[in-house]
Amino acid sequence: MNQLITRWLFIIAGLLITSLGLRILAIHQFTFGGTAGVATILDFLTTWSWGILFFLVNLPFFVISIQKLGMRFTISSLVSITAISFLSEWFQVFQVTPFPDWLATIVGGLFIGIGVTLVLNNGSSLGGIHILALYLDQRFKINRGITIFASDFLIIFLAGILVGWSNALLSVAAIFIASSIIGRYKKSPINEKQVQEEDAQFSAMSTQVQK
């Protein structure tokens with residue numbers, strides 16, 4: 001139980017740090033990659049809020065998560081994504097004075113890299129590309145930092161068309177900083193034996209509740 005509480009405390013800390021990093025980038029009209037970047041692009045094109053779009057964009061990736069990464073990991077990721085969606089809306093209430101773009105790039109990238117690493121290394125994820133990256137890491141030993149950076153670069157290219165190439169290049173720099181941290185401080189949270197045991201426990205608990 002103590003280990004579970006500690007894990008979730010780290011996840012919550014990671015979610016808060018990540019949300020703050022995303023907020024810093026948003027203030028300077030930078031974007032990020034992954035499903036956060038997709039949500040940002042859709043935010044530019046629609047009147048829907050970023051938090052709702054981020055939640056909806058991530059839903060299809062849970063099919064992969066349930067089938068390949070286990071029920072416990074999927075539920076944990078769903079909770080994290082829901083939390084990020086709410087936190088992103090909450091942080092918009094606070095007015096933050098913009099600082100130099102180069103500093104926003106560094107600080108935003110560092111915050112997101114540290115935050116996502118805390119979330120991933122404690123058995124959760126922020127959905128979308130992170131779920132795909134964890135699966136490729138587990139299945140094919142492809143460094144998750146490389147997967148995230150490659151996919152994010154493509155998304156930023158699309159964002160550059162909408163927000164301008166200067167902001168897009170600085171966004172790529174932020175992604176590089178974050179991805180470097182994520183790839184360097186890697187501790188795979190996916191252990192097949194552990195996933196099977198936890199899924200079995202989850203199924204047993206669900207059966208007892210139904211009875």
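Below is a short write-up of the structure. (Residues numbered from 1 in each chain as written. Predicted model: local features only at pLDDT ≥ 70, side-chain atom pairs only at ≥ 80, totals over all residues. Heavy atoms only, no water.)

**Let's talk about the overall build of the protein**
Then step 1. Looking only at helices and strands, the protein features 10 helices and 0 strands.
Then step 2. Each helix and strand of the protein, placed in order from N terminus to C terminus, yields the pattern α-α-α-α-α-α-α-α-α-α.
Then step 3. Here the protein holds 211 residues, and 47% of them are scored as buried.
Then step 4. When the accessible surface of the protein is totalled, it reaches about 11,100 Å², and 69% of it is carbon and sulfur. (Helix = DSSP H or I, 4+ residues; strand = E, 2+ residues; numbered from the N terminus. Buried < 20%, exposed > 50% of the residue type's maximum accessible area, 1.4 Å probe, protein only. Areas by Shrake-Rupley, 256 points an atom, 1.4 Å probe, with all protein chains shown as cover.)

**Comments concerning the nonpolar core**
One broad rule of soluble globular proteins: the nonpolar side chains tend to lie buried together.
Then step 1. Ranked by internal contacts, the top residues of the largest apolar core, which has 36 residues, are Leu15, Phe32, Trp50, Phe54 and Ile112.
Then step 2. Listed by contribution, the elements that provide at least two residues to this core are helix H1 (2-27), helix H2 (34-45), helix H3 (50-58), helix H5 (71-91), helix H6 (101-120), helix H7 (129-140), helix H8 (144-163) and helix H9 (165-184). (Core = buried A, V, L, I, M, F, W, Y, C linked by side-chain atoms within 4.5 Å.)

**So, the side chain of Ser19**
Then step 1. Of note, Ser19 is situated in helix H1.
Then step 2. Taking relative accessible area as the criterion, Ser19 reaches 4% and is therefore assigned buried.
Then step 3. Those residues in contact with Ser19, other than ones at most four positions away along the chain, are Ile84, Leu87 and Phe91. (Contact = heavy atoms within 4.5 Å.)

**Concerning a nonpolar patch on the surface**
Then step 1. Side chains of Phe44, Leu45, Phe157, Leu158, Ile161, Leu162 and Trp165 sit close together on the surface and give an oily, nonpolar patch of about 740 Å² of accessible area.
Then step 2. Taken together, the elements giving at least two residues each to the nonpolar patch come down to H2 and H8.
Then step 3. Ranked by residue count, the leading element in the nonpolar patch is H8, at 4 residues.
Then step 4. Structurally, Phe44 is set in helix H2.
Then step 5. Assessed through its relative accessible area of 40%, Phe44 is described here as partly exposed. (Patch = residues over 30% accessible without salt bridge, like charges linked within 9 Å, V, L, I, M, F, W, Y side chains within 5 Å. Salt bridge = Lys/Arg side-chain N within 4 Å of Asp/Glu carboxyl O.)

**Looking at H5**
Then step 1. Taking 1.5 Å of rise per residue, 21 residues should cover 30 Å, and H5 covers 30 Å from first to last C-alpha, within 8% of that figure.
Then step 2. Turning to H5, its buried residues are Arg72, Phe73, Thr74, Ser76, Ser77, Ser80, Ile81, Ile84, Ser85, Leu87, Ser88 and Phe91. (Expected span 1.5 Å × (residues − 1).)

**Re the environment of Trp50**
Then step 1. By the secondary structure assignment, Trp50 is in helix H3.
Then step 2. Once the C-alpha coordinates of Trp50 and Phe86 are considered, the two residues, 36 residues apart in sequence, prove to be 9.9 Å apart.
Then step 3. Beyond its immediate stretch of four places on either side in the chain, Trp50 contacts Leu22, Ala36, Ala39, Thr40, Asp43, Ile84, Ser88 and Glu89.
Then step 4. A polar contact is formed between the side chain of Trp50 and the backbone oxygen of Ala36, at a distance of 3.3 Å. (Polar contact = N/O pair within 3.5 Å; in protein donor to acceptor, adjacent residues only side chain to side chain.)

**Details of unusual backbone geometry**
Then step 1. A positive phi angle, close to 60°, is found at Gln29, a residue other than glycine.
Then step 2. Here Gln29 lies in the loop between H1 and H2.
Then step 3. Positive phi, close to 60°, is recorded for Lys141, a residue that is not glycine.
Then step 4. Summarising the element assignment, Lys141 is placed in the loop between H7 and H8.

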